[in-house]
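# Coordinate analysis (summary)
Here is what each chain is made of, one letter per residue.
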There are 2 protein chains.
Amino acid sequence: MKYDTIIHNGTIVTVNRDFDIINNGLICIKNGIIETVSSAPSDYIPSGAAVIIDAKGGIIMPGLVNTHTHLPMTLLRGIADDLPLFDWLNRYIFPLEAKYMNPGNVRLGSLLGCAEMLLSGTTTCCDGYFNEEAVAQAAFESGIRGVFGQGVIDFPAPGIPDPSDNIKTAARFVDKWQNASSLIRPSVFCHSPYTCSEETLKKAKQVTRSKNLLFQIHTSETKNEFDMIKSKHGISPVKYLERSDILDEKTLLVHSVWVDEEDIRIISKHDSKISHNPQSNMKLASGIAPVPEFLKNGITVGLGTDGCASNNDSDLFKEMDVAAKIHKVNLFDPTVMDAKTVIQMATIRGAEAIGLKDETGSIEKGKQADIIIIDTDSPHLIPMYNPVSHIVYSATGSDVRDVIVAGEIIVKNKKMLSLDIEDIIDKVNQLGARIKKEL
Amino acid sequence: MKYDTIIHNGTIVTVNRDFDIINNGLICIKNGIIETVSSAPSDYIPSGAAVIIDAKGGIIMPGLVNTHTHLPMTLLRGIADDLPLFDWLNRYIFPLEAKYMNPGNVRLGSLLGCAEMLLSGTTTCCDGYFNEEAVAQAAFESGIRGVFGQGVIDFPAPGIPDPSDNIKTAARFVDKWQNASSLIRPSVFCHSPYTCSEETLKKAKQVTRSKNLLFQIHTSETKNEFDMIKSKHGISPVKYLERSDILDEKTLLVHSVWVDEEDIRIISKHDSKISHNPQSNMKLASGIAPVPEFLKNGITVGLGTDGCASNNDSDLFKEMDVAAKIHKVNLFDPTVMDAKTVIQMATIRGAEAIGLKDETGSIEKGKQADIIIIDTDSPHLIPMYNPVSHIVYSATGSDVRDVIVAGEIIVKNKKMLSLDIEDIIDKVNQLGARIKKEL
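Rules used in this analysis
- Residue numbers run consecutively from 1 along every chain, following the written order of its sequence.
- Chain letters and ligand numbers both follow the written order, the letters beginning at A and the numbers at 1.
- Per-residue local features are limited, in this predicted model, to residues with pLDDT of at least 70; the limit for side-chain atom pairs, both in listing and counting, is 80 or more; totals at the level of whole chains, interfaces and linings are taken over all residues.
- Under the DSSP-based scheme used, a helix requires at least four consecutive residues in state H or I and a strand at least two consecutive residues in state E, with every element numbered from the N terminus.
- Here the globule rule is a power law, 2.2 Å times the number of residues to the power 0.38, and the radius of gyration is based on C-alpha atoms.
- Three classes are used. A residue is buried when 20 or more other C-beta atoms lie within 10 Å of its own, exposed when 12 or fewer do, and partly exposed in between, with C-beta atoms placed from the backbone.
- What counts as a contact is two residues whose backbone-derived C-beta atoms lie within 7 Å of each other.
- The criterion for strand pairing is that DSSP finds at least two bridges linking the strands in question.
- Axes here refer to lines fitted to C-alpha atoms; in helices the fit is confined to the stretch in contact. Angles between the N-to-C directions go from 0 to 180 degrees.
- We call a crossover right-handed when, viewed with the strands running away from us, the connection from the first strand over the helix to the second turns clockwise.
- Only Asp, Glu, Lys and Arg are considered charged, only Ala, Val, Leu, Ile, Met, Phe, Trp, Tyr, Cys and Pro nonpolar, and every remaining residue, Gly among them, polar.
- Here, a nonpolar core denotes buried Ala, Val, Leu, Ile, Met, Phe, Trp, Tyr and Cys residues that are linked to one another through C-beta atoms within 7 Å.
- In this comparison the copies share one frame, found by least squares on the C-alpha atoms of residues holding pLDDT of at least 70 in both.
- Segment limits for the domains were obtained from an automatic or database-derived domain assignment.
- Working definition: roughly parallel below 35 degrees, roughly antiparallel above 145 degrees, roughly perpendicular at 65 to 115 degrees, and oblique for all remaining angles.
- In this description, the arc belongs to the directions extending from the helix axis to the C-beta atoms.
- By convention, the crossing between two helices is left-handed when the near helix turns anticlockwise from the far helix through less than a right angle, and right-handed when the turn is clockwise.
- A residue's pLDDT is simply how confident the predictor is in it, with values from 0 to 100.

Broken down by element type, chain A carries 15 helices and 17 strands. For a compact globule of 439 residues, the expected C-alpha radius of gyration is about 22 Å, and chain A comes in at 21 Å, within 12% of that figure. Summarising its shape, the C-alpha atoms of chain A cover approximately 65 × 45 × 40 Å along the three principal directions. Taken across its 439 residues, chain A has 62% of its residues classed as buried. The long-range fraction of contacts in chain A, counting pairs at least 24 apart against all pairs at least 6 apart in sequence, stands at 74%.

Quick look at the sheet that holds strand β13 (residues 301–303) of chain B now. Residues and elements named next belong to chain B. The strand order across the open sheet built from eight strands is β6-β7-β8-β9-β10-β11-β12-β13, with neighbouring strands paired in parallel fashion. Looking at which strands have only one partner, the edges of the open sheet turn out to be β6 (64–69) and β13. The sheet shows a mean angle of 25° between the axes of neighbouring strands, direction not considered. Two strands pair when backbone bridges link them, and strand β8 (residues 145–152) and strand β9 (residues 184–190) are joined in this way by seven bridges, in the parallel orientation. The residue bridging Q150 from the neighbouring strand is V188, located in β9. Together, β6, β7 (122–129), β12 (273–276) and β13 form the strand contacts of helix α11 (residues 316–331), whose direction differs from that of β13 by roughly 130°.

We now examine the pairing of β12 of chain B. Residue and element names in this part refer to chain B. Because side chains alternate across β12, one face comprises the buried residues K273 and S275, and the other comprises I274 and H276, equally buried. With three bridges joining them, strand β11 (residues 251–255) and β12 adopt parallel strand pairing. When the bridges of β12 are listed, V254 appears paired with S275. Viewed along the sheet, the connection from β11 through helix α8 (residues 261–269) into β12 turns out right-handed. Where β12 meets β13, three bridges bridge the pair, whose relative direction is parallel. Looking across to β13, one finds that S275 is bridged to G302.

Glancing now at the sheet that holds strand β10 (residues 215–219) of chain A. All names here are of chain A. Here eight strands make up an open sheet; going across it, the order is β6-β7-β8-β9-β10-β11-β12-β13 and the pairing parallel. A single partner strand is all that each edge strand has here, and the edge strands are β6 (64–69) and β13 (301–303). With direction set aside, neighbouring strand axes in the sheet form an average angle of 25°. Two strands pair when backbone bridges link them, and β10 and strand β11 (residues 251–255) are joined in this way by five bridges, in the parallel orientation. Note that in β11 the partner of Q216 across the bridge is L252.

In this section: the interface of chain A and chain B. As a measure of interface size, the accessible area lost when the parts come together is often cited. The interface is formed by 58 residues belonging to chain A together with 58 residues belonging to chain B. Those elements that place two or more of their residues in the side of chain A that touches chain B are α2 (103–119), α9 (278–283), α11 (316–331), α14 (387–393) and α15 (421–438) of chain A. Classifying every residue of the side of chain A that touches chain B by side-chain character gives 28 nonpolar, 16 polar and 14 charged.

Attention now moves to the nonpolar core. The biggest cluster of nonpolar side chains holds 278 residues, and the ones touching the most others in it are I27 of chain A together with I27 of chain B. The residues contacting I27 of chain B, other than those within four sequence positions of it, are I6, I7, I12, I34, V37, I60, I363 and I371 of chain B.

Note on the chain copies: they are related by a rotation about an axis and a translation along it. Superposing chain A onto chain B takes a rotation of 180° combined with a translation of 0.0 Å along the rotation axis, leaving an RMSD of 0.0 Å. Both copies of the chain, as the preceding transformation shows, are related through a two-fold rotation axis. Distance from the rotation axis, computed per C-alpha, reaches its smallest value in chain A at S398 of chain A: 3.3 Å.

Let us look at the domain arrangement of chain A. Residues and elements named next belong to chain A. Domain boundaries in chain A define domain 1 (3–62 + 367–416) and domain 2 (64–353). Once you take the C-alpha centre of each, domain 1 and domain 2 turn out to be 29 Å apart. Sort the elements by how many residues they give to the side of domain 1 that touches domain 2 and α14 lands first, with five residues.

As a further point, take the environment of Y385 of chain B. Note on placement: Y385 of chain B falls in the loop between β14 (371–374) and α14 (387–393). Y385 of chain B gets classed as partly exposed once you count the C-beta atoms within 10 Å, which come to 18. Along the primary structure Y385 of chain B and E261 of chain B are separated by 124 residues, whereas in three dimensions their C-alpha atoms are 38 Å apart. Other than its neighbours up to four places away in sequence, Y385 of chain B contacts G78, I79, G432 and K436 of chain A.

Time to look at the pairing of β6 of chain A. Residues and elements named next belong to chain A. By the criterion of burial, β6 is predominantly enclosed, with six of the six residues buried. Two elements, β6 and strand β7 (residues 122–129), share four bridges in a ladder whose sense is parallel. Looking at the pairing, T69 lines up with D127 of β7.

With that out of the way, let us pick up the packing of helix α4 (residues 166–177) of chain A against helix α5 (residues 198–209) of chain A. All names here are of chain A. Two elements in contact, α4 and α5, have axes whose closest approach is 10 Å; the angle formed by their N-to-C orientations is 10°. Classified by the angle their axes make, α4 and α5 are roughly parallel. Here α4 contributes N166, I167, A170, A171 and V174 to the contact with α5, which in turn contributes T200, K203, A204 and V207. Here the contact of α4 with α5 is built from residues that sort into six nonpolar, two polar and one charged.

Attention now goes to the environment of G407 of chain B. Locating G407 of chain B in the fold gives a position in the loop between β15 (400–405) and β16 (408–412). Spatially, the C-alpha atoms of G407 of chain B and S280 of chain B are 32 Å apart, while their sequence positions differ by 127 residues.

Attention shifts here to helix α6 (residues 223–233) of chain A. All names here are of chain A. Among the residues of α6, E225, F226 and I229 are the ones counted as buried. An end-on view of α6 places all buried positions within 100° of arc, on one side of the element. Residues of α6 that are exposed and angled more than 90 degrees away from the buried face: D227 and S231. Against the buried residues of α6 lie α7 (237–243). One or two steps after α6, the chain reaches G234, where phi turns positive at roughly 80°.

Let's shift gears to unusual backbone geometry. All names here are of chain A. Following N311, the chain continues into N312 via a peptide bond in cis, with omega recorded as 10°. Phi is positive for D271, which is not a glycine, with a value near 55°. Structurally, D271 can be placed in the loop between α8 (261–269) and β12 (273–276). Overall, the presence of 14 C-beta atoms within 10 Å leaves D271 in the partly exposed class.

Moving on: the packing of α2 of chain A against helix α3 (residues 132–142) of chain A. Pairs of packed helices are described in terms of their axes, by the angle between the two and the distance that separates them. Residue and element names in this part refer to chain A. As a packed pair, α2 and α3 sit with axes 8 Å apart at the nearest point and diverge in direction by 40°. Considered as vectors, α2 and α3 are oriented oblique to each other. For α2 against α3, the interelement crossing comes out right-handed. On α3, the residues touching P103, V106, R107, S110, L111, C114, A115 and L118 of α2 are A134, V135, Q137, A138, A139, E141 and S142. Split into classes, the residues belonging to the contact of α2 with α3 amount to 10 nonpolar, three polar and two charged.

Mean pLDDT over chain A works out to 97, with 100% of the residues at or above the 70 mark. Model confidence for the complex is summarised by a pTM of 0.98, with the ipTM given as 0.98.

As a further point, take the environment of L303 of chain B. Residue and element names in this part refer to chain B. Among the structural elements, L303 can be located in strand β13. Once the C-alpha coordinates of L303 and H276 are considered, the two residues, 27 residues apart in sequence, prove to be 4.9 Å apart. In this structure, L303 is in contact with T67, H276, L316, E319, M320, A323, M345, A346 and G350, ignoring residues within four places of it in sequence.

Right, dumping it as structure tokens:
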């Protein structure tokens, strides 16, 4: 066959450089790659295609890119909310992680997380956790694309009872996955500047720098963190990371809420990337990251949901909606973070932030076929004057009908093809019931 | 039959005074009224019921109450976003309303709005618009419960070319609907203190006060409005409304963003109610209403989505999520606006705010059977440690499976029974295409 898959009869929001929107769009896919992107009469279908997908007038757009997840934390969704951060972490999250996050449960929670993401239109994620080997395995089974970072922290953690093994464990994970799959990229995820020593940070960065891989780190998430670093090192977390030679174009700074003008210039100078997680920052009362300032300074910013214990879902459509609104009210300016900018953050900028911009994040000839179709035949999505507006302000992940990753149809008519979703739901419900009983 | 409808096999979040949560819940309904609320084995079904609804382990809760809508504005969903408020209103919204909001289109947009609300779990709304007669008719056809306010403004408006007719028109609307239907309550909606003269405000309030009906008014939404009233009258909008004798327990102040401590004491003293619309206030960059302060002062606050041009949907689940998060980050306190408080705002407090607390807003013996069932058998809603958390932080309107208003099943298995949804979608799409062409 000339093509493996053809998608037709929808409006393509390409998210290419010109942000072209193509009515009556037609996409031809071969060997997982986008071969052509064009406009054609809605009933025209080129001959020689194995699979033809009718978008039925819906929106065709790049699969979304979630730049910050802790997939296994789906298992802790809603177990504790509305608490002071210290109680939330020390009375619930940390003890539960220590008790339950063995490789088997990490795998189960990650399968659930991948299913949730794929069903809601996310085709690429950037994850950081412990026992990340089990996360990467689950992701591989699900068919999602992603960057997976083995966690590094200077305390005992799931799978690393002795913290002095943390770098070794990360290096082993990176070696194993570096060439294992075209969809799975390894990475190292240092928890934060206040939970890792300078030596640990430097060693961890060296593991990724030597292999040109992504280095992830929570940075300047809370005022408390800012104050701790400032009091210990005399400078802000961002300046401390710069002084420790951690910042370069392969460093992803997650959150970056408590940053000043100089920090922003430093991040920009090193071309480090930022993952913006507005809902998690709101729910944990951390603060509002100065994203419009990041963008003015040319910094690449992607969007992330964070883990399910602090959001409490993985729906990037909801995240886009909130990202567009929170900065408007924060700056008393309804023109900032317009829908186009937010879509770019959830797609191409996110891909760029995690080092995958040449592969995913837009619908363009030669790129991987990571594509989603939004069913717009619902009361909350009509009339449609502008698909860009609907993507950000009206749609949710539940409106996603079909999901394709690297040319593979992973979700069809809202049903998961790659995983046995009933089995996952059963097992998660059983584990959840056990955890609830032991709370 | 002993009962018209029985609902069983789900977790009931009653939202009664004690916020009781009932596992293995059983609800028996007769003549539109809740006869019993109890716990029973999931396979136990009392004999003598015409219709039996199996909640299949999902969440059973009161239908949501949307305390501020402009239903016909569904027709303008996404037509203009991310603009300065003045341009948005004067270049888009006002001219489009003048051109298109005739009774036929108002009816069509309202049918769409009612369908969208019902499908996403809202069983009661409080609307304000022009040509409200057509809104009320559409609502009546849909089977939703609500309070409907004929708009009053001292400018020419749809259906009222001569503003000197505005009070007369409102009085006529109120008379017509006062005893027409148990589901439809008439009201008057004065646009705002800056678009209505003091004389208009007083006359409009008199229309509702004489009949003990709800009076709705946008109040202190933007800093600009606050400054205008302050410069014209020397006092804040709330103090101006108090001085004009507009405030009492039947006055619903919509937005109330720009209020000071004294304003809050005044609102509390008169037992006036507040409709909180966080997403609209964020998108239009109006500000963040001091809701936790309202609650501390004992003020009744309901939740609202506002019109679809400034949100851009009518999903109260998304509104709950944002309402819970925005105040946490605004006050740097993750404990404010907990999930329980937000659910109360979206149900019983909303009902109280619009004068319907004896009828709806909770699942209790003797109340109207306004009930929704949430399908929790989805990846983003498992595991379920706490249904209260999931309602606010993880569910969206798309998870609502069944909707009952006054004992009538309006939505069954996510399908609308009361309206011809395909026909509405067709007609809205046709009108939208015409409006788009003429933009």
